[in-house]
Amino acid sequence: MSPSRSWLQWLVALPVLIGLLLPASDALADDRPATPEQTTTEITTLLQDFLANVDQASAHDRLWAADLVYTSSAGKVNRKADIMQGFKEPPAKADSPAEPKESYSADDILVRQFGDAAALTFRLTRHAADGSQSHYRNSGMFVRREGRWQVVTWQATIVPVEPAAD
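Parameters at a glance
- Residues numbered from 1 in each chain as written.
- Predicted model: local features only at pLDDT ≥ 70, side-chain atom pairs only at ≥ 80, totals over all residues.
- Heavy atoms only, no water.
- Pairing = 2+ DSSP bridges.
- Helix = DSSP H or I, 4+ residues; strand = E, 2+ residues; numbered from the N terminus.
- Buried < 20%, exposed > 50% of the residue type's maximum accessible area, 1.4 Å probe, protein only.
- Contact = heavy atoms within 4.5 Å.

Here is the key point about a regular strand: its side chains alternate between the two faces of the sheet. Relative to strand β6 (residues 148–158), strand β1 (residues 64–71) runs parallel, the two sharing 4 bridges. Note that in β6 the partner of tyrosine 70 across the bridge is tryptophan 154. In this structure, β1 lies alongside strand β2 (residues 77–78), joined through 2 bridges in antiparallel fashion. Each bridged residue has a counterpart across the sheet, and for tyrosine 70 the counterpart in β2 is asparagine 78. Two successive antiparallel strands, β1 and β2, enclose a turn made up of 5 residues, where glycine 75 displays a positive phi of approximately 90°.

Position of asparagine 138 among the secondary structure elements: in strand β5 (residues 133–145). For asparagine 138, a relative accessible area of 6% corresponds to the buried category. Apart from residues lying up to four places away in sequence, asparagine 138 is in contact with Leu120, Thr121, Phe122, Leu124, Trp154, Gln155, Ala156 and Thr157.

Spelled out as structure tokens, the structure:
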């Protein structure tokens, strides 16, 4: 085989070899969940972990993206920096370990994936230290960046208390 013919064969074969290698390397670089079910599990777990640790700055730092726009149930718009600033201010009163704390839970969770974005809707229940409860309907948009889901928009709406039936 002449050197020019060998060079020509490699030139023709090179795109084929690259084509065979690209899907494998692309699959390794793509760490998105493969199925909507996996995305639902990942975001639901993230939400549950956040609600269990809502009083910790690290939980907020993990959940909220730097470009977050959060609209509270009172209509106040906050950014991630506003939320994180609240953890830098000293608490109004030190909690003692014996005092009951408020906690949160979620149900009616729905996650819908759209490529590297996912919409979350759920019902949030706030369990107050005095035993009372309040309910909210929350929705958020997650975006997957650098292998992790974070919230870029969030909307909280309080559910009005139904009057007791006579």
